[in-house]
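What follows is each chain in one-letter form.
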Amino acid sequence: MNRDWLLPATLSEATRAQCEIAEACETRDRFGDVRLIAGADTSMKWRDSTGPIHAAIAPLRWPGREVLPPGLATRMPPFAYVPGYLGFREAPALVAAWKTLAETPGLLLVDGHGRAHPRRCGIATHLGVLLDVPAIGVAKSILCGRIEGVLGEAPGSQAPLVDRGEVVAIALRTRARALPIYVGTGHRVSLETAVAWVLALTDERRLPLTTRLAHDAANAARVAWQSSPHFLRGGGPPA
């Protein structure tokens, strides 16, 4: 793992790292038979940009959907909040959580964008390349680009999200009358395959099961931390 891609010292180094990560990203399918899938998400105290980040990697067996214990980590963000550079705040905690898993997932769905980023390096691409794991970005809002064409109202309806002439994600309606989500390549997964996996995991819900599990696990970790005697005494998480 390239440490400069994980913990750059300056914003200019972070920009260079994002460009290098985007260049290293693979946008075609390169993975084998998937038996373990995981979701990745983080949680922070509301409106606290300096406090700890609680990260969760939530795995489940495929195709049986047996939910396994999540990998968890709490870390202080090493990078200040700057729009477009979220990966440098979240990736260290997510990498730490990944390392606690008993088994390595064959596919990772990340709460956030993949290639649909001004420098083509959203958190899903950032994390996928860092870990060299097939990754999919599942975002709830648009960071860059716009939807081209008409996105239908029926579940399964799709339309491309285009930025500067490039299709960077797919706007996907997973539930009738619900807002679309934006599915993109993180690393080693094509757009078409990414959409197919997300549809297989949504279960008539807006977000895929992996995302929901990781969201719940990260929030539970935050609540447990804030309720711990260590926290109440003013202690901090690991650096």
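In this report, we go over the structure that sits alongside the text. As the structure is a prediction and not an experimental result, all values here were calculated from the model.

About the criteria used
- Residues numbered from 1 in each chain as written.
- Predicted model: local features only at pLDDT ≥ 70, side-chain atom pairs only at ≥ 80, totals over all residues.
- Heavy atoms only, no water.
- Helix = DSSP H or I, 4+ residues; strand = E, 2+ residues; numbered from the N terminus.
- Expected span 1.5 Å × (residues − 1).
- Buried < 20%, exposed > 50% of the residue type's maximum accessible area, 1.4 Å probe, protein only.
- Arc of directions from axis to C-beta.
- Contact = heavy atoms within 4.5 Å.
- Pairing = 2+ DSSP bridges.
- Axes fitted to C-alpha atoms, helices over the stretch in contact; angles between N-to-C directions.
- Core = buried A, V, L, I, M, F, W, Y, C linked by side-chain atoms within 4.5 Å.

A look at helix 2 (residues 11–24)
- Between the first and last C-alpha of helix 2 there are 20 Å, a value that for 14 residues agrees with the 20 Å anticipated at 1.5 Å per step.
- Those residues of helix 2 that fall on the buried side of the exposure criterion are Ala14, Ala17, Gln18, Ile21 and Ala22. Along the axis of helix 2, the buried residues cluster in a sector spanning 135°; they form a single face. Exposed and oriented more than 90 degrees from the buried face of helix 2 are Ser12 and Glu23.
- Contact partners of the buried residues in helix 2: helix 1 (3–6), helix 3 (86–98) and helix 4 (123–131).

Brief notes about the pairing of strand 8 (residues 166–172)
- Burial within strand 8 is extensive, with five of its seven residues counted as buried.
- Taken together, the six bridges between strand 7 (residues 158–163) and strand 8 define a ladder with antiparallel strand orientation. Among the inter-strand pairings, alanine 159 is bridged to a residue of strand 8, identified as alanine 171.
- Between the end of strand 7 and the start of strand 8, which pair antiparallel, lie two residues, with arginine 164 showing a positive phi angle near 50°.
- Of the pairings in the sheet, the one linking strand 8 to strand 9 (residues 181–187) comprises three bridges and is antiparallel in character. By the bridge assignment, leucine 172 is partnered in strand 9 with isoleucine 181.

A short note on the sheet that holds strand 4 (residues 107–111)
- If you trace the nine strands from one edge of the open sheet to the other, you get 3-2-1-4-5-9-8-7-6, paired in mixed fashion. Whereas interior strands pair on both sides, the edge strands pair on one side only; in this sheet they are strand 3 (71–75) and strand 6 (146–147).
- Sheet strands touched by helix 4: strand 1 (36–43), strand 4, strand 5 (135–139) and strand 9. Its angle to strand 4, the strand with the most contacts, is close to 145°.
- Against the sheet, helix 6 (residues 209–227) touches strand 1, strand 2 (53–61), strand 3, strand 4 and strand 5, its axis set at about 45° to strand 1.

Topic: unusual backbone geometry
- Here the amide bond leading from tryptophan 62 into proline 63 is cis, since omega sits at 10°, within 30 degrees of zero.
- Of note, arginine 65 is a non-glycine position whose phi angle comes to about 65°, a positive value.
- Looking at the secondary structure, you find arginine 65 in the loop between strand 2 and strand 3.
- Arginine 65 sits in the partly exposed class, given a relative accessible area of 29%.

Points about the nonpolar core
- Ile57, Leu108 and Leu127 are the most contacted members of the largest nonpolar core, which totals 33 residues.
- Contributing elements (two or more residues each) for this core: helix 1, helix 2, strand 1, strand 2, helix 3, strand 4 and helix 4.
- Considering each element in turn, this core owes the most residues, eight residues, to helix 3.
- If we skip the residues at most four places from it in the chain, leucine 108 touches Ala38, Gly39, Ala40, Ile57, Trp98, Leu127, Leu131, Val133, Pro134, Ala135 and Ile136.

Honestly, that's just the spatial picture; any functional story needs more than this.
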